[in-house]
Amino acid sequence: QVQLVESGGGLVQAGGSLRLSCAASGRTFSSYTVGWFRQAPGKEREFVAAILRISGTTYYTESVKGRFTISRDSAKNTVFLQMNSLKPEDTAVYYCAAGRQFVGWELASNYDYWGQGTQVTVSS
């Protein structure tokens, strides 16, 4: 199975930046659609961004559009989420996930593999 290892979370002031990494073992990430989701305490897991397998097309939830960028480094078999202009409402545990779908990239139920999550806390 694909194993996903996340890193890069931490505490940052509002307006600051973080870069999250999701490194995969097993099959190359180019064979999978990779998504980032986040979950705050007591809330549903929320779609953040996705990069589609093969095509590399990217999608974002409206609240992060223009601030977050998802990218893939195929040589390192790693997907990144660059987060700029962070806001307190971005505070959550962030998860990366992988699946084989071309559609339904906004639905957590469509992903097959999940990372352990990394905490992002944005102070005001």
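Bear in mind the structure is a predicted one, so any value in this text is a computation, not a measurement.

Caption draft 1: Main features of the packing of aromatic side chains. For the structure shown, the criterion picks out 8 aromatic pairs. Between Tyr32 and Tyr113 the ring centres are 6.1 Å apart and the planes differ by 85°, which places this aromatic pair in the edge-to-face class. Within this pair, whereas Tyr32 is found in the loop between strand 3 (18-25) and strand 4 (33-39), its partner Tyr113 is found in strand 10 (residues 113-114), the two being separated by 81 residues in sequence. The class of Tyr32 is buried, set by a relative accessible area of 4%. Ring geometry for Phe47 versus Trp105: centroids 5.4 Å apart, planes at 50°, classification tilted. Linking Phe47 in strand 5 (residues 46-51) with Trp105 in the loop between strand 9 (92-99) and strand 10, this pair joins segments that are 58 residues apart in sequence. When its relative accessible area of 10% is taken as the criterion, Phe47 is described as buried. Among the aromatic residues, those joined into a ring-pair cluster are Phe37, Phe47, Tyr59, Tyr95, Trp105, Tyr111 and Trp114. Lying across the ring of Tyr95, Arg45 places its NZ or CZ 3.9 Å from the centre. Directly above the aromatic system of Trp114 lies the positively charged group of Arg45, at a separation of 4.9 Å from the ring centroid.

Caption draft 2: Expanded view of the environment of Leu18. You can see Leu18 is positioned in strand 3. Overall, Leu18 belongs to the buried group, its relative accessible area being 14%. For the pair Leu18 and Glu62, spaced 44 residues apart in the sequence, the C-alpha separation amounts to 19 Å. What Leu18 contacts, discounting residues up to four positions off in sequence, is Gly8, Gly10, Val12, Leu81, Gln82, Met83, Leu86 and Val120.

Calculation criteria
- Residues numbered from 1 in each chain as written.
- Predicted model: local features only at pLDDT ≥ 70, side-chain atom pairs only at ≥ 80, totals over all residues.
- Heavy atoms only, no water.
- Phe/Tyr/Trp six-rings, centres within 6.5 Å; stacked < 30°, edge-to-face > 60°.
- Helix = DSSP H or I, 4+ residues; strand = E, 2+ residues; numbered from the N terminus.
- Buried < 20%, exposed > 50% of the residue type's maximum accessible area, 1.4 Å probe, protein only.
- Lys NZ or Arg CZ within 6 Å of the ring centre and 35° of its normal.
- Contact = heavy atoms within 4.5 Å.

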